[in-house]
Protein chains: 2
Amino acid sequence: MKKFIPILKRTQMFSGVGENEIESMLSCLDARLCEFSKGEYIIRQGEYLNDIIVLADGNLHIQKDDYWGNRSILGQISAGEMFGEAYVAPNSGTALNDVVATEKSTVIFFDVKRILTTCSSACRFHSMVVQNLFFAISEKNRKLVQKLDHMSKRSTREKLISYLSEEAKKQSSSHFTITFNRQQLADFLSVDRSAMSNELCKMRDEGLIEFKKNSFKLF
Amino acid sequence: MKKFIPILKRTQMFSGVGENEIESMLSCLDARLCEFSKGEYIIRQGEYLNDIIVLADGNLHIQKDDYWGNRSILGQISAGEMFGEAYVAPNSGTALNDVVATEKSTVIFFDVKRILTTCSSACRFHSMVVQNLFFAISEKNRKLVQKLDHMSKRSTREKLISYLSEEAKKQSSSHFTITFNRQQLADFLSVDRSAMSNELCKMRDEGLIEFKKNSFKLF
DNA sequence: ACAAATCGGTTGTATTTACAACGAAAGGTG
DNA sequence: CACCTTTCGTTGTAAATACAACCGATTTGT
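Residues numbered from 1 in each chain as written. Chains lettered and ligands numbered in written order. Predicted model: local features only at pLDDT ≥ 70, side-chain atom pairs only at ≥ 80, totals over all residues. Heavy atoms only, no water.

## Comments concerning the packing of helix α4 (residues 126–151) of chain B against helix α5 (residues 156–170) of chain B
All names here are of chain B.
- In the contact formed by α4 and α5, the axes pass within 8 Å of each other and the chain directions differ by 145 degrees. In this structure, α4 uses Gln146, His150 and Met151 to contact α5, whose residues at the interface are Lys159, Ser162, Tyr163 and Glu166.
- Across the contact of α4 with α5, the residue classes break down as two nonpolar, three polar and two charged. (Axes fitted to C-alpha atoms, helices over the stretch in contact; angles between N-to-C directions. Helix = DSSP H or I, 4+ residues; strand = E, 2+ residues; numbered from the N terminus. Contact = heavy atoms within 4.5 Å. Nonpolar A, V, L, I, M, F, W, Y, C, P; charged D, E, K, R; others polar.)

Next comes the structure, spelled out in structure tokens:
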């Protein structure tokens, strides 16, 4: 567990908290470390959740499969990010999505109750973590709104432009790489893979974009 | 302002806080009351926001119009609900959507900084409000995920079923009314109004639903 | 190095949706 | 009551999308 303290230090949740404080907090917050290999489920839709979870290393997808096997990807979590925050409230019910490791991943569970209940003097930075968490959830909120934003686009092309523009902005460059493969991107944007593939090629032929594998360039 | 204290008492933000405490908090939190008539904008996309806003009375739409006038409705706020929570974090940027009154509405602005900065002893319940806010944001988060859920449906029919089922569940009855008119519902589900109207009638003819104006019944 | 699996692009067809235009019904106003 | 506006359903056509199937290239596992 100790070796993840430098990683935790750089997460939004522990922003502004020193390594020593983090170490003392780990037991106070009932931190439990778990490893998952590619394809394993961290959370399954319908489960009750009592933890805020930080991804120390790896990559996760928040997704949902319907009865017919159609997959819908809500988003992805990369190292340092947190999830499970939508279930901290009492009576928030069960998880609406699965969370799956897309590669070997290490996650740390924190008991929600312990986070929200301020504890003994050993945790002077406890309230700072709560505030960090507060901002993190608020930011997550914004991200969901942004996703809704490009989900509300009608055509595959508009969704692609909306998504790719956001990525370009996020990575501060018109030349960037994405972490989805084609099928995953299609599941993320809720479109048909082949139709999307088709549209991407049309856009390339029209000179709007260039791409090679997961590397894209906008014009 | 005073006459809204009983209303505030029933909001999630002030849950568990007595009327006297609310009254003393109002000045502490720099509460400002504003009235808006139908069609007026409470927030415009691109504005900076420094307040958490509670809707005391009326109804609001969170929406966005693109360059060509296509409207997309993200959600609606009804009396007692709160909004603006996605912008509490520092550096959260400007508002991503407009907020518009769909009827005569009364809203109360609370300064975010004052909410998060614990104040003098006069506000013993201050930390409870912060925790309430915390849960409220988390819950909002869930709602956004749910909306993404039916936005990720491919066809108009599936979106309608997803939305109508949720409403039935929310109102605990297969017979319920919605607060959107047809155009608004279409803007909410990101589909064409006439196509949606068409689909609704088909579903009725197939015996899946019944409806009359804004009153629906599922079978 | 080979076999198997995965991934990405392409094509044709059936289905679905968007768009524009129209008319009837309901509601509001002078 | 006449007039105007809003709302909702309907229709036909053009456009976009889903679906299934196929193939070549790349990657993975042994």
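Now that the structure is up, let's keep going.
## Here we look at the protein's contact with DNA strand D
- In the vicinity of DNA strand D, 17 residues are found, and the nearest of them are Ser155, Thr156 and Lys213 of chain A together with Arg182 and Asn198 of chain B.
- Each atom of DNA strand D within 4 Å of the protein belongs either to a base or to sugar and phosphate, the latter forming 67%.
- Take serine 194 of chain A: an N or O atom from its side chain is 3.4 Å from a base nitrogen of DNA strand D.
- Interatomic distance of 2.8 Å between a side-chain N/O atom of lysine 213 of chain A and a phosphate oxygen of DNA strand D.
- Mapped onto the surface near DNA strand D, the elements with two or more residues apiece are α7 (193–205) of chain A together with α7 (193–205) of chain B.
- If you tally residues by element for the surface near DNA strand D, the top one is α7 of chain B, at five residues.
- Grouping the constituent residues of the surface near DNA strand D by class yields three nonpolar, eight polar and six charged. (Near = heavy atom within 4 Å. Polar contact = N/O pair within 3.5 Å; in protein donor to acceptor, adjacent residues only side chain to side chain.)

## Remarks on the interface of chain A and chain B
- Taken together, the 37 residues of chain A in the interface contact 37 residues of chain B.
- Regarding the contact of chain A and chain B, the summed buried area is about 3400 Å², with carbon and sulfur atoms giving 65% of it.
- On the chain A side of the contact with chain B, Phe134, Arg142 and Leu148 of chain A bury the most area, a combined 22% of that side's loss.
- A salt bridge links lysine 64 of chain A to aspartate 149 of chain B; its shortest N-O distance comes to 2.7 Å.
- Applying the counting rule to chain A against chain B returns 14 residue pairs in polar contact (both at pLDDT 80 or more).
- For the side of chain A that touches chain B, the elements supplying multiple residues, two or more each, are β5 (71–78) and α4 (126–151) of chain A. (Buried area = accessible area lost by both parts, 1.4 Å probe. Salt bridge = Lys/Arg side-chain N within 4 Å of Asp/Glu carboxyl O.)

## Some thoughts on the domain arrangement of chain A
Residues and elements named next belong to chain A.
- Segmenting chain A into domains produces domain 1 (2–140) and domain 2 (153–218).
- Relative to domain 2, the C-alpha centre of domain 1 lies at a distance of 29 Å.
- The interface of domain 1 with domain 2 comprises seven residues on the first partner and six residues on the second.
- Taken together, domain 1 and domain 2 are joined by zero salt bridges.
- Remark: the boundary between domain 1 and domain 2 carries two residue pairs in polar contact (both at pLDDT 80 or more).
- Examining the composition of the side of domain 1 that touches domain 2, we find that six residues originate from one element, β5, more than from any other.
- Of the residues assigned to the side of domain 1 that touches domain 2, the class counts are two nonpolar, four polar and one charged. (Domains from an automatic or database assignment.)

## Examining the protein's contact with DNA strand C
- The immediate surroundings of DNA strand C are formed by 17 residues, with Asn198 and Cys201 of chain A together with Ser155, Thr156 and Lys213 of chain B found nearest.
- Atoms of DNA strand C within 4 Å of the protein belong to the sugar or the phosphate in 64% of instances, the rest to bases.
- Within the side chain of arginine 193 of chain A, one N or O atom sits 3.0 Å away from a base oxygen of DNA strand C.
- One of the backbone nitrogen or oxygen atoms of aspartate 192 of chain B is found 3.2 Å away from a phosphate oxygen of DNA strand C.
- Mapped onto the surface near DNA strand C, the elements with two or more residues apiece are α6 (182–189) and α7 of chain A together with α7 of chain B.
- A per-element tally of the surface near DNA strand C places α7 of chain A first, with five residues.
- Considered class by class, the residues forming the surface near DNA strand C number four nonpolar, eight polar and five charged.

## Brief notes about the relation of the copies chain A and chain B
- Overlaying chain A with chain B gives an RMSD of 0.1 Å, the required rotation being 180 degrees about an axis along which the chain moves by 0.0 Å. What the rotation and shift describe, once combined, is the action of a two-fold rotation axis.
- Same-surface contact between copies: 100% of interface residues of chain A are shared with the interface of chain B. (Least-squares fit on C-alpha atoms with pLDDT ≥ 70 in both.)

## Describing the confidence of the model for chain A
- The predicted model of chain A averages 90 in pLDDT, with 97% of residues at 70 or higher.
- Taken element by element, the predicted model of chain A shows its lowest mean pLDDT in helix α3 (residues 112–116) of chain A (84) and its highest in strand β6 (residues 82–83) of chain A (95). (pLDDT = per-residue confidence, 0-100.)

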